[in-house]
Amino acid sequence: MPLVSSGRTRIFNRNKGRVIVCPASSGYGAGMVDIPFFVLVRPQMGENIGSAARAMYNFGLDRMRIVAPRDGWPNQAAVALASGAGRLLDDAQLSDDLPDSLADCTYVFATTARSRDLTKPVYSPEAAMKLAAEKIAAGGKVAVLFGPERAGLENEDIAQANAIISVPVNPNFASLNLAQCVLLVGYEWMRQQGKVEHEVVEMAGTDWATGQETEHLARHYEDRLDVANFFYPEHKATSMKLNLRNMWSRMPLTRADVQMFHGILRQMVRWKERDD
């Protein structure tokens, strides 16, 4: 379990320009939370904090905690890079140390790309967010730790986590930008919520062609090609017509496609008759 501290947490309200101080285990963030907390541990650059906020909000995550930022807080560079996700910075919980930030959490993941010689379960981002969703559904509070840009989390940080998240990256270049790591974990969280459509077709103002419309198109082409003596030699005509018909049914045609193919053939016939 994570270490517990009875310290106090600060929240910066950008609009009012002040920092609110409240107990870490009560007030802000109290009660059941249906998403994980993303905890940035000793982040170095405001730009990376803002980019991480933007990455979080892309996937519906808005519970940010910041531990001992190097350049202080608030940070205007973070606001500039948040690009529309400034609300996360407004509501971000600021703590002086990691135990303070994790005081109310019941399960903690630590992200790292390196082996740490610590006995802990290691999950892929996908498996970790699946487990996070299960624990949150059972009433728990889950946090995910992200380390400083220079070298990531220290072993003392990871020792306070229940499990590790490791992203399968190139072993010869395992360095991930802070916001990139946040983005990967955030995406896997959204996948676990069933909000990712793996394939969708934009119909662009049309509908799929019906069987009747496809059949009419097939007959139109077959009739015109027959007049043009396309089905030759005669003993192959039946198989050629079958292949042509199979081609139309295999194609995912829209009504607009069918109309265009009809128009192409009509124009070719007009062009031929004009020359004749």
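An account of the accompanying structure is given in this report.

The rules behind these values
- Residues numbered from 1 in each chain as written.
- Predicted model: local features only at pLDDT ≥ 70, side-chain atom pairs only at ≥ 80, totals over all residues.
- Heavy atoms only, no water.
- Salt bridge = Lys/Arg side-chain N within 4 Å of Asp/Glu carboxyl O.
- Helix = DSSP H or I, 4+ residues; strand = E, 2+ residues; numbered from the N terminus.
- Buried < 20%, exposed > 50% of the residue type's maximum accessible area, 1.4 Å probe, protein only.
- Contact = heavy atoms within 4.5 Å.
- Patch = residues over 30% accessible without salt bridge, like charges linked within 9 Å, V, L, I, M, F, W, Y side chains within 5 Å.
- Areas by Shrake-Rupley, 256 points an atom, 1.4 Å probe, with all protein chains shown as cover.

1. Here we look at the pattern of salt bridges
- Throughout the structure, instances matching the rule amount to 15 salt bridges.
- Between Glu134 and Lys130 there is a salt bridge whose closest N-O contact spans 2.9 Å. Note that Glu134 and Lys130 are positioned in helix α5 (residues 125-137) at a spacing of four residues, about one turn of the helix.
- Its relative accessible area of 42% is what places Glu134 among the partly exposed residues.
- Residue classification places Lys130 among the partly exposed positions, given a relative accessible area of 44%.
- In this structure, Glu222 and Lys241 form a salt bridge, with 3.9 Å as the shortest nitrogen-oxygen distance. Highlighted residues: Glu222 in helix α8 (residues 211-227) and Lys241 in helix α9 (residues 237-250), separated in sequence by 19 residues.
- Overall, the relative accessible area of 27% leaves Glu222 in the partly exposed class.
- Taken together, the shared-partner salt bridges in this structure form one network comprising Asp62, Arg63, Arg87 and Asp91.

2. Digging into the side chain of Asn48
- Relative to the helices and strands, Asn48 resides in helix α1 (residues 46-58).
- Asn48 has contacts with Glu149, Asn177 and Leu178, leaving out every residue within four places of it along the chain.

3. Some remarks on a nonpolar patch on the surface
- A cluster of nonpolar side chains, contributed by Met260, Ile264 and Met268, occupies part of the molecular surface with about 290 Å² of accessible area.
- For Met268, the location among the structural elements is in helix α10 (residues 255-275).

4. Thoughts on unusual backbone geometry
- Note the cis peptide between Trp73 and Pro74, where omega equals 5°.
- For Pro74, the location among the structural elements is in the loop between β4 (64-67) and α2 (76-82).
- Pro233 follows Tyr232 through a cis peptide bond whose omega is 0°.
- Relative to the assigned elements, Pro233 resides in the loop between α8 and α9.
- With a phi close to 50°, Ser83 is a non-glycine residue in the positive phi region.
- Looking at where Ser83 falls in the secondary structure, it is placed in the loop between α2 and α3 (86-91).
- The class for Ser83 is partly exposed, based on a relative accessible area of 46%.

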